[in-house]
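What follows is each chain in one-letter form.
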Amino acid sequence: IGHEAAKKTRQLITSEHKTERDVSVRQRAVDLLYAMCDRTNAEQIVHEMLNYLESADYSIREEMVLKVAILAEKYAGDYTWYVDVILNLIRIAGDYVSEEVWYRVIQIVVNREDVQGYAAKTVFEALQAPACHENMVKVGGYILGEFGNLIAGDKRSAPQVQFQLLHSKYHLCSASTRALLLTTYIKFINLFPEIKTEIQNILKCDSNLRCSDAELQQRASEYLHLSLVTSTDVL
């Protein structure tokens, strides 16, 4: 499908979004756009779908998120673009981004050294938004826990700044995400020994050691013990 056809279809989606009340018609327009995507137009189509997603009907958002994620991975010539797309998905429609989608970006970043520093910097910046979706906190916890050292040389993203930024989200998150963040903190002790005491003080908090959630309580207790009795080589 040529450039003109792609352009007309994008115009159709914009037009249908503004005038068509039938969700099924808008759904078909999105399906067509997805089907006609290839390496020559992928960035344009993904960009258009992201724009449309911001105001799309709630009933089709989850499917749109999955389609965008598939296209971004399939046609990613540059994986920094792929990271940007997934983080934008979380920002625009975080409630509709499944674990399968957000965890996939972590797998790709872990396996691609060329994008690790970029991913750490980008997710660090994304976490600074006043309203930050919990899925962004999860991705940030994973990526900074593994690669936060790659951006720690900049005083704006120094170890303590990274830790405080993540921990500022801690009490707003579910127990499962808080458990994930505690794992990030123990990784930070290894990456950044200079903030070990500050992290241990968090692990010692009654809100963690006496938490009503048994798994969270156990994790805080075990991580605190681990940090006290082992060297950074073991961590």
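Residues numbered from 1 in each chain as written. Predicted model: local features only at pLDDT ≥ 70, side-chain atom pairs only at ≥ 80, totals over all residues. Heavy atoms only, no water.

(A) Representation of the overall build of the chain within the structure. Counting its regular elements, the chain contains 13 helices and zero strands. Seen along its three principal axes, the alpha-carbon backbone of the chain occupies a region of about 65 × 35 × 25 Å. Burial status across the chain gives 47% buried among its 235 residues. The long-range share in the chain, meaning contacts at least 24 apart out of those at least 6 apart in sequence, stands at 64%. Carbon and sulfur atoms make up 48% of the accessible area of the chain, which totals about 12,000 Å². Charged side chains in the chain number 25 positive and 31 negative. The centres of these two groups are separated by 3 Å. (Helix = DSSP H or I, 4+ residues; strand = E, 2+ residues; numbered from the N terminus. Buried < 20%, exposed > 50% of the residue type's maximum accessible area, 1.4 Å probe, protein only. Contact = heavy atoms within 4.5 Å. Areas by Shrake-Rupley, 256 points an atom, 1.4 Å probe, with all protein chains shown as cover. Lys, Arg positive; Asp, Glu negative; His and termini not counted. Charge placed at Lys NZ, Arg CZ, Asp CG, Glu CD.)

(B) A look at the packing of aromatic side chains. As enumerated under the stated definition, the model contains eight aromatic pairs in all. When the centroid spacing of 6.5 Å and the interplanar angle of 25 degrees are considered together, the rings of tyrosine 58 and tyrosine 96 count as stacked. Taken together, the positions of tyrosine 58 in helix 4 (residues 58-74) and tyrosine 96 in the loop between helix 5 (79-93) and helix 6 (99-111) put the pair 38 residues apart, joining distant regions of the chain. The exposure class assigned to tyrosine 58 is exposed, which follows from its relative accessible area of 58%. Taken together, a centroid distance of 6.0 Å and an interplanar angle of 80 degrees make the contact between tryptophan 102 and tyrosine 103 edge-to-face. Three or more aromatic residues joined by ring pairs make a cluster, and in this case those are Trp102, Tyr103 and Tyr142. A cation sits over an aromatic face here: lysine 67 above tyrosine 34, 5.1 Å from the ring centre. Lying over the aromatic face of tyrosine 170, arginine 178 brings its terminal NZ or CZ to 6.0 Å of the ring centre. (Phe/Tyr/Trp six-rings, centres within 6.5 Å; stacked < 30°, edge-to-face > 60°. Lys NZ or Arg CZ within 6 Å of the ring centre and 35° of its normal.)

(C) Just the environment of leucine 87, in detail. Mapped onto the elements of the fold, leucine 87 is located in helix 5. Residues leucine 87 and asparagine 135 lie 48 residues apart in sequence; the distance between their C-alpha atoms is 9.4 Å. If we ignore the near neighbours within four places in the chain, the residues touching leucine 87 are Thr122, Val123, Met136 and Val139.

(D) Here's a closer look at the nonpolar core. Counting residues in hydrophobic clusters, the biggest one holds 75 residues, and the most contacted among them are Leu89, Ile143, Leu144 and Tyr185. Of all the elements, helix 5 adds the most residues to this core, at 11 residues. Those residues in contact with leucine 89, other than ones at most four positions away along the chain, are Leu50, Leu53, Val65, Val68, Ala69, Gly94 and Val97. (Core = buried A, V, L, I, M, F, W, Y, C linked by side-chain atoms within 4.5 Å.)

(E) Expanded view of the side chain of glutamine 162. Among the structural elements, glutamine 162 can be located in helix 9 (residues 159-170). What makes glutamine 162 buried here is its relative accessible area of 0%. Residues within four places of glutamine 162 in sequence aside, it is in contact with Phe124, Leu144, Gly148, Ile151, Ala152, Ser157, Phe188 and Phe192.

(F) Region of interest: the environment of alanine 35. Note that alanine 35 resides in helix 2 (residues 23-35). Judged by relative accessible area, which is 62%, alanine 35 ranks as exposed. Sequence separation between alanine 35 and valine 123 is 88 residues, and the spatial gap between their C-alpha atoms is 30 Å.

(G) Summary view of helix 5. Along its 15 residues, helix 5 runs 21 Å from first to last C-alpha, staying within 8% of the 21 Å computed at 1.5 Å per residue. Within helix 5, 11 of the 15 residues are buried, leaving the element largely enclosed by the surrounding structure. (Expected span 1.5 Å × (residues − 1).)

(H) Layout of the pattern of salt bridges. For the structure shown, the criterion picks out nine salt bridges. Of the charged contacts in the structure, one is a salt bridge between aspartate 114 and arginine 112, with a shortest N-O distance of 3.3 Å. Given the relative accessible area of 56%, aspartate 114 is considered exposed. Residue arginine 219 pairs with glutamate 215 through a salt bridge whose shortest N-O separation is 3.1 Å. Here the residue arginine 219 and the residue glutamate 215 both occupy positions in helix 13 (residues 214-229), the gap between them amounting to four residues, near one helical turn. Arginine 219 sits in the partly exposed class, given a relative accessible area of 22%. Shared partners join several salt bridges into a network, and the residues in it are Asp31, Glu63 and Lys67. (Salt bridge = Lys/Arg side-chain N within 4 Å of Asp/Glu carboxyl O.)

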